[in-house]
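Structure at a glance
One letter stands for each residue in the lines below.
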Amino acid sequence: MSTDMPIQDDPYVVRSDHQGVATLTLNRPQQFNSLSQAMIAALQAQIDAIAPDPAVRVLVIAGAGKAFCAGHDLKEMRANHDKAFMQDLFRRCGRMMMALTQMPQPVIARVHGIATAAGCQLVSMCDLAVAADSARFATSGINVGLFCATPGVGLSRNLGRKQALEMLLTGDFIDARAALQQGLVNRVVAGDALDAEVDRLAGSIIAKSSVAIGMGKQMFYKQLEMGLEGAYQYASEVMACNMMSEDAGEGIDAFIGKRKAEWRGR
């Protein structure tokens, strides 16, 4: 299968950078920012470019128009009703989702409007999420005869088992407050305060050592897949390595000396 993607005048993903924060805005508002092959490829390319860039401390994922993301492009999927196409599509999407957790920078979902199916998956695979109080979430594939299997991977790692299965089996929407209570998002604010709240959260992260943040994020996800004893062994090694960093020494000296730390990123 060809890996060439269509090109349009407006990019599928718009990137903007400001004071250590890179924002990727899904830019198919008329299609509710659905995850077509081209959209997934554009996101993957941007993530691959940002991950090794030390100037970027936080990544924000946002959506243009009325929705955050309505999931996969069902029209594209019906037009390419072939198992090989489907396998390739879901493999590419899974790789992109995993890249969000594998990159050293924390990723914040800025959610407004709806986040459905793979769009809800995208929220679940971001490290953190801030939602407008009008946001709504669903794994709605079941309504068209399609169990949201891949969204279920992220959802089941955010919500309790019964809450995740209820969403997956019914396709019903939950509102932002329920998403907060069930662990899908971190914060809920009024729509006009969404950007300010994302900035506050990003700023709190940027004020910390990039070495500690990067090591800590990697450790967090890796230990989740381990048994308890193995997790403690791994975490102990990470802490020992972290203590050897210049930033840890500077941070402790600053604390003892009652002064602000000057992070060096090493």
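Considering the overall build of the protein chain
Assigned secondary structure in the protein chain consists of eleven helices and nine strands. Here the protein chain has a C-alpha radius of gyration of 19 Å; the compact-globule value for 266 residues is 18 Å, and the two agree. Over its C-alpha atoms, taken along the principal directions, the protein chain stretches across nearly 65 × 45 × 40 Å. Sorting the 266 residues of the protein chain into buried and exposed places 45% on the buried side. Considering only contacts within the protein chain whose residues lie at least 6 apart along the sequence, 67% involve residues at least 24 apart. Here the protein chain displays about 14100 Å² of accessible surface, and carbon together with sulfur accounts for 55% of that area. Computed over 26 positive and 27 negative side-chain charges, the inter-centroid distance for the protein chain is 3 Å.

So, the pattern of salt bridges
Throughout the structure, instances matching the rule amount to 13 salt bridges. The shortest N-O distance in the salt bridge between Arg91 and Asp88 comes to 2.8 Å. Highlighted residues: Arg91 and Asp88, both in helix 3 (residues 83-102), separated by three residues, approximately one helical turn. Residue Arg92 is joined to Asp88 by a salt bridge in which the shortest nitrogen-to-oxygen separation is 2.7 Å. Highlighted residues: Arg92 and Asp88, both in helix 3, separated by four residues, approximately one helical turn. Owing to a relative accessible area of 12%, Asp88 belongs among the buried residues under this scheme. A single network of salt bridges, built from pairs that share partners, joins Asp88, Arg91 and Arg92.

A look at the layout of surface pockets
When its volume is computed, the largest pocket comes out at roughly 710 Å³. If you go around the largest pocket, you meet 31 residues; those closest to its centre are Thr101, Met125, Arg157, Tyr221 and Leu224. Put simply, the parts of the chain that give the lining of the largest pocket at least two residues each are helix 3, helix 4 (118-125), strand 6 (128-132), helix 5 (149-155) and helix 9 (210-224). A per-element tally of the lining of the largest pocket places helix 9 first, with seven residues. The residue makeup of the lining of the largest pocket, split by class, is 14 nonpolar, twelve polar and five charged.

Each value, and the rule that gives it
- Residues numbered from 1 in each chain as written.
- Predicted model: local features only at pLDDT ≥ 70, side-chain atom pairs only at ≥ 80, totals over all residues.
- Heavy atoms only, no water.
- Helix = DSSP H or I, 4+ residues; strand = E, 2+ residues; numbered from the N terminus.
- Rg over C-alpha atoms; globule rule 2.2 N^0.38 Å.
- Buried < 20%, exposed > 50% of the residue type's maximum accessible area, 1.4 Å probe, protein only.
- Contact = heavy atoms within 4.5 Å.
- Areas by Shrake-Rupley, 256 points an atom, 1.4 Å probe, with all protein chains shown as cover.
- Lys, Arg positive; Asp, Glu negative; His and termini not counted.
- Charge placed at Lys NZ, Arg CZ, Asp CG, Glu CD.
- Salt bridge = Lys/Arg side-chain N within 4 Å of Asp/Glu carboxyl O.
- 1 Å grid on protein atoms, 1.4 Å probe; cavity = no way out; pocket = protein on both sides within 12 Å on 5 of 7 lines; lining within 4 Å.
- Points joined across faces, edges and corners; volume = space filled by probe spheres on them.
- Nonpolar A, V, L, I, M, F, W, Y, C, P; charged D, E, K, R; others polar.

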